[in-house]
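An overview of the molecular structure
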Amino acid sequence: MSNQPASALSSPRFCNMGTFMRMPHIQSAKGLDFAIAGAPFDTASSFRSGSRFGPHAIRSISCMMKPNNVIQQVNIMDSLTGGDMGDFPIVPGYIHPSYAAIEAGVAGILSDGALPIVLGGDHSITLAELRAVAKKYGPVALIHFDSHSDLCDEVFGEKYNHGTPFRRALEEGLIDPAHCIQVGMRGSLYDPNEHKIAAELGMKLIPAHIIRKMGLDALIAAMKERVGNKPCFLTFDIDFVDPAYAPGTGTPEVGGFTSLEALELIRSLTDINFVGFDIVEVLPAYDHGEITAYLAANIVFEFLSILALQKSSQN
Ligand code: MN
Ligand code: MN
């Protein structure tokens with residue numbers, strides 16, 4: 001199959017130009033099912049910076065990925081077409097020009113009829129992606145994996161920060177709160193009512209300790225029920241996963257989920273009508289043995305497997 005990424009059985013993994021999974025480097029998403037792009041912006045980070053190197057790290061270790069998902073019984077490239085577009089031309093230190101670049105890039109992918117898969121970058125980038133997605137689909141459903149709700153009104157007196165994207169997305173009418181679910185929140189807080197704010201804004205938030213009580217199957221059912229058939233954006237902040245498994249991130253919170261649990265959760269979302277996806281907050285400088293970046297690459301792979309399953313069931 002010409003569509004398949006280079007096989008490490010004939011071409012060594014370290015021989016590559018640095019695209020995700022050694023996929024083709026594409027200039028346009030026209031006629032493709034998906035397009036991967038990096039948004040290496042980290043100036044909206046509140047603590048450790050360096051997630052600007054996240055896309056590079058994810059791509060680098062993604063040379064380990066093979067196209068067959070044995071559990072899902074699907075080869076991601078048999079039915080799907082897609083590739084890696086490289087990075088959006090963000091402007092370090094300047095959030096609004098960066099937002100404009102990310103929004104234009106995602107809008108281009110969407111107008112080409114492909115699904116955008118964005119590698120962050122800090123979580124502020126998701127607002128720009130949602131602006132493009134909502135222009136095409138109207139207010140979308142949201143599944144948000146994170147240890148933080150990212151619903152702050154302001155951080156350091158600023159409205160645009162990696163702690164505020166979903167508050168802004170609500171205000172801008174980019175997401176439909178009745179179909180939004182945020183999962184995995186935990187850790188100490190300044191505002192003891194922070195988790196209640198989500199409900200006041202019409203969102204559904206399930207903190208990590210409640211997920212532990214209800215179990216993952218009940219969580220999966222809650223996510224599916226909340227989203228229904230609506231076009232849905234999936235955003236995955238790598239700090240959803242416990243820092244024991246994903247140390248390479250900017251604002252870690254202990255008491256999180258294992259890498260296996262994260263993969264199983266994504267794997268379960270096979271019947272959601274996804275219109276966009278991002279994985280954010282991978283910070284290679286704090287990573288060890290590339291484990292965080294490798295987990296991120298595997299999460300992208302699980303997401304691609306869902307798209308492949310959905311497309312092959314249509315054919
Ligand atoms: Mn976040
Ligand atoms: Mn977070």
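Per chain, residues are indexed from 1 in the order of the written sequence. Chain letters and ligand numbers both follow the written order, the letters beginning at A and the numbers at 1. In view of the model being predicted, local features appear only for residues whose pLDDT reaches at least 70, and side-chain atom pairs are presented and counted only at 80 or more, with totals across whole chains, interfaces and linings using the full set of residues. Where side-chain values are given, they derive from all heavy atoms of the structure, hydrogens and water being excluded.

Some thoughts on the overall build of the protein chain
Stated precisely, the cut-off is as follows: Numbering of helices and strands runs from the N terminus, with a helix taken as a DSSP run of H or I at least four residues long and a strand as a DSSP run of E at least two residues long. The quantity called the radius of gyration is restricted to C-alpha atoms. Its globule counterpart is 2.2 Å times the number of residues to the power 0.38. The buried label applies to any residue whose accessible area, calculated with a 1.4 Å probe on protein chains only, is under 20% of its type's maximum; exposed applies above 50%, and partly exposed to all values in between. Note on contacts: a residue pair is in contact if any heavy atoms of the two residues lie within 4.5 Å.
Within the protein chain, the secondary structure is distributed over ten helices and ten strands. Relative to the globule expectation of 20 Å for 315 residues, the C-alpha radius of gyration of the protein chain, 18 Å, shows essentially globular dimensions. In terms of principal-axis extent, the alpha carbons of the protein chain reach across some 55 × 40 × 40 Å. Burial statistics for the protein chain: of 315 residues in total, 59% are counted as buried. Sequence separation of 24 or more characterises 77% of the internal contacts of the protein chain that already satisfy a separation of 6 or more.

Some points on the environment of Asn-229
Here Asn-229 is to be found in the loop between helix H8 (216–227) and strand S9 (232–237). The spacing of Asn-229 and Asp-239 is ten residues in sequence and 27 Å in space, taken between C-alpha atoms.

A word on the layout of surface pockets
Keep this limit in mind: Here a cavity denotes grid points, spaced 1 Å and computed from the protein atoms alone, that fit a 1.4 Å probe unable to get out, and a pocket denotes an open set having protein on both sides within 12 Å along at least 5 of 7 lines; residues with an atom within 4 Å of a point are the lining. Grid points are joined across faces, edges and corners, and a volume is the space filled by probe spheres set on the points. Each residue gets one label: Ala, Val, Leu, Ile, Met, Phe, Trp, Tyr, Cys and Pro are nonpolar, Asp, Glu, Lys and Arg are charged, and the others, such as Gly, are polar.
A volume near 720 Å³ is recorded for the largest pocket. With three residues, helix H6 (residues 194–200) is the largest single contributor of residues to the lining of the largest pocket. Residues belonging to the lining of the largest pocket are distributed by class as follows: ten nonpolar, eleven polar and ten charged. Lining the second largest pocket we find Asp-33, Leu-80, Leu-115, Asn-273, Phe-274, Leu-307, Gln-310, Lys-311 and Gln-314. Among the elements that make up the lining of the second largest pocket, the one with the highest residue count is helix H10 (residues 291–314) (four residues). Of the residues in the lining of the second largest pocket, the class split is four nonpolar, three polar and two charged.

A word on the pattern of salt bridges
Definition in use: Salt bridges are identified by distance alone: a Lys or Arg side-chain nitrogen within 4 Å of an Asp or Glu carboxyl oxygen.
Scanning the entire structure with this criterion turns up 15 salt bridges. Arg-52 is paired through a salt bridge with Asp-42; the nearest N and O atoms lie 2.9 Å apart. With Arg-52 in the loop between strand S1 (34–39) and helix H1 (54–61) and Asp-42 in the loop between S1 and H1, this residue pair connects regions lying ten residues apart in the sequence. Looking at Arg-52, the relative accessible area reads 35%, which means it is partly exposed. For Arg-267, the salt bridge identified is with Glu-302, shortest N-O distance 2.9 Å. One end of the pair, Arg-267, is in helix H9 (residues 259–267); the other, Glu-302, is in helix H10, and 35 residues separate them in sequence. Assigned by exposure class, Arg-267 and Glu-302 land together as buried.

What about the sheet that holds strand S10 (residues 274–280)?
Stated precisely, the cut-off is as follows: The pairing criterion is simple: DSSP has to find at least two bridges between the two strands. As a rule, the C-alpha atoms of each element are fitted with a line to give its axis, helices using only the stretch in contact, and angles between N-to-C directions run from 0 to 180 degrees.
Here we have eight strands laid out as an open sheet, ordered S4-S1-S5-S10-S9-S6-S7-S8, and parallel in their pairing. For this open sheet the edge positions go to strand S4 (82–87) and strand S8 (204–207), each flanked by a neighbour on one side alone. In this sheet, adjacent strand axes meet at a mean angle of 15° when their direction is disregarded. Contacting S1, S4, strand S5 (115–120) and S10, helix H3 (residues 95–111) crosses the sheet at an angle of about 150° to S5. Across the face of the sheet, H10 comes into contact with S1, S5, S9 and S10 while running at roughly 175° to S10.

All quantities given are derived from atomic positions and should not be read as evidence of function.
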